[in-house]
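An overview of the molecular structure
Residues per chain are reported as follows:
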Amino acid sequence: MAVQEIWLVRHGESVANVAAARAEAAGADRIDVDHRDADVPLSPLGAEQSRSLGQELADRGVDDVPVALWVSPYLRAQQTIAIALDAGGLAEPPKRVDERLRDRELGVLDLLTLQGVRSLHPDEERRRQWLGKYYHRPAGGESWADVMLRLRSVLVDVDRLDGPERLLVAAHDAVVMMTVAVCLDLDEPALMAFARTHTVANASLTRLRRDGAGAPWTLEEFSAVGHLDDDEVTQHTGRKDDEHVR
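Residues numbered from 1 in each chain as written. Predicted model: local features only at pLDDT ≥ 70, side-chain atom pairs only at ≥ 80, totals over all residues. Heavy atoms only, no water.

**What to know about the sheet that holds strand β5 (residues 205-209)**
Either a parallel or an antiparallel arrangement is found when strands of a sheet pair, and the pairing is made through backbone hydrogen bonds. Strand order across the open sheet formed by six strands is β3-β2-β4-β1-β5-β6, with mixed pairing between neighbours. A single partner strand is all that each edge strand has here, and the edge strands are β3 (95-97) and β6 (218-224). If you compare each strand with its neighbour and ignore which way they point, the axes differ by 15° on average. Here five bridges tie strand β1 (residues 5-10) to β5, and the two strands are oriented antiparallel to one another. By the bridge assignment, V9 is partnered in β5 with L205. (Pairing = 2+ DSSP bridges. Helix = DSSP H or I, 4+ residues; strand = E, 2+ residues; numbered from the N terminus. Axes fitted to C-alpha atoms, helices over the stretch in contact; angles between N-to-C directions.)

Structure, rendered in structure tokens:
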């Protein structure tokens with residue numbers, strides 16, 4: 001049996017999400033984070049969001065059919081799915097940690113606010129405005145198109161799975177957005193139009209479905225957060241170069 005559904009989970013709020021929001025509000029250039037990106041943990045709210053997500057996964061019967069679990073190697077994604085499975089009383093499915101599911105790499109723009117990008121890397125800011133965020137690749141980092149390229153190889157591996165009917169993926173906002181773009185075959189104008197009206201919330205659930213191997217994917221649900229209380233919903237958009245750019 002081929003994989004017929006992909007359930008995409010964004011990690012819960014991280015301490016870097018909180019620090020970035022604080023730095024942006026203060027008009028600071030730099031984001032004060034004590035961890036490299038791969039080691040950033042969840043915030044206390046992020047852990048609570050993950051527990052709520054776990055109950056939602058259990059209520060939806062995520063394991064009613066054979067399931068495989070693929071996870072980003074980054075700590076915040078690992079913590080999110082571990083907390084969720086425990087809170088939902090769910091057994092961990094066969095698990096694969098895949099570096100292609102890591103967050104988008106920002107290179108020289110890492111740990112900078114939007115103001116910091118403009119102040120410290122004006123040439124990158126001009127390139128960013130000219131190219132748009134679909135193609136802009138910060139020095140040492142990745143463009144959206146780069147992330148889509150590595151996710152295309154992930155989806156080739158999905159077609160090779162034999163047995164699981166549902167794939168549960170725990171990763172990041174960029175991975176969720178770009179997976180949707182690849183599965184729906186969105187080009188730059190279509191993706192940018194979609195991204196202007198859709199945001200991937202922390203601990204949200206996005207679902208894609210197809211009738212079988214080779215069939216087209218359809219988007220069943222995007223960034224669902226009905227399992228979170230209103231005061232638990234966080235989006236933390238505007239990752240450095242993801243705002244105010246065409």
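**What about helix α2 (residues 44-59)?**
For α2, which comprises 16 residues, the first-to-last C-alpha distance of 23 Å matches the rise-based estimate of 22 Å (1.5 Å per residue) to within 8%. Next to the buried residues of α2 lie β1, α3 (75-87) and β5. (Expected span 1.5 Å × (residues − 1). Contact = heavy atoms within 4.5 Å.)

**Quick word on the nonpolar core**
Counting residues in hydrophobic clusters, the biggest one holds 34 residues, and the most contacted among them are I6 and L191. Examining the composition of this core, we find that eight residues originate from one element, helix α7 (residues 173-183), more than from any other. Apart from residues no more than four positions distant in its own chain, L191 is found in contact with Y134, W144, M148, M177, M178, A181 and L186. (Core = buried A, V, L, I, M, F, W, Y, C linked by side-chain atoms within 4.5 Å. Buried < 20%, exposed > 50% of the residue type's maximum accessible area, 1.4 Å probe, protein only.)

**Some points on the pattern of salt bridges**
Applying the stated criterion across every chain yields a total of 24 salt bridges. Here E142 makes a salt bridge to R102, at a shortest N to O gap of 3.6 Å. Here E142 is found in the loop between α5 (122-131) and α6 (144-160), whereas its partner R102 is found in the loop between β3 and α4 (114-120), with 40 residues between them in sequence. Summarising the burial analysis for this pair, E142 and R102 share the class buried. With a shortest N-O distance of 2.1 Å, R128 and E125 are connected by a salt bridge. Here the residue R128 and the residue E125 both occupy positions in helix α5, the gap between them amounting to three residues, near one helical turn. Each of the salt bridges in this network shares a partner with another, and the network as a whole consists of R96, D98, R100, D157 and R160. (Salt bridge = Lys/Arg side-chain N within 4 Å of Asp/Glu carboxyl O.)

**So, the packing of aromatic side chains**
Going through the model one piece at a time under the given rule, you end up with two aromatic pairs. Arranged with centres 4.7 Å apart and planes meeting at 85°, the rings of Y134 and Y135 form a pair that is edge-to-face. Of the residues examined, Y134 reaches a relative accessible area of 9% and is grouped as buried. With a relative accessible area of 47%, Y135 lands in the partly exposed category. (Phe/Tyr/Trp six-rings, centres within 6.5 Å; stacked < 30°, edge-to-face > 60°.)

**Points about unusual backbone geometry**
With a phi angle near 60°, D185 is a residue other than glycine that sits in the positive phi range. Checked against the element boundaries, D185 lands in the loop between α7 and α8 (188-197). With relative accessibility at 64%, the residue D185 sits in the exposed group. Positive phi, close to 50°, is recorded for S223, a residue that is not glycine. Tracing the backbone through its elements, the reader meets S223 in strand β6.

**A look at the packing of α7 against α8**
Where α7 meets α8, the closest approach of the two axes is 11 Å, and the angle between their N-to-C directions is 140°. Taken as axis vectors, α7 and α8 run oblique relative to one another. As for the relative orientation of α7 and α8, their crossing is right-handed in sense. Here M177, M178, V180 and A181 of α7 come into contact with α8, specifically with L191, F194 and A195. (Parallel < 35°, antiparallel > 145°, perpendicular 65-115°, else oblique. Left-handed = near helix turned anticlockwise from the far one by under 90°.)

**Digging into the environment of L8**
Structurally, L8 can be placed in strand β1. Each C-alpha atom, one on L8 and one on V33, is 26 Å from the other, the two residues being 25 residues apart in sequence. Excluding residues that lie within four positions of it along the chain, L8 makes contacts with V169, V176, T179, V180, S204, L205, T206 and L208.

**A short note on the packing of α6 against α7**
Direction vectors running N to C along α6 and α7 enclose 70°, while the axes themselves pass 9 Å from each other. When the axes of α6 and α7 are compared, the pair comes out roughly perpendicular. Handedness of the crossing formed by α6 with α7: right-handed. Here W144, V147, M148, L151, R152 and L155 of α6 lie close against α7, whose contacting residues are A174, V175, M178, T179, A181, V182 and C183. Its residues assigned to classes, the contact of α6 with α7 comprises eleven nonpolar, one polar and one charged. (Nonpolar A, V, L, I, M, F, W, Y, C, P; charged D, E, K, R; others polar.)

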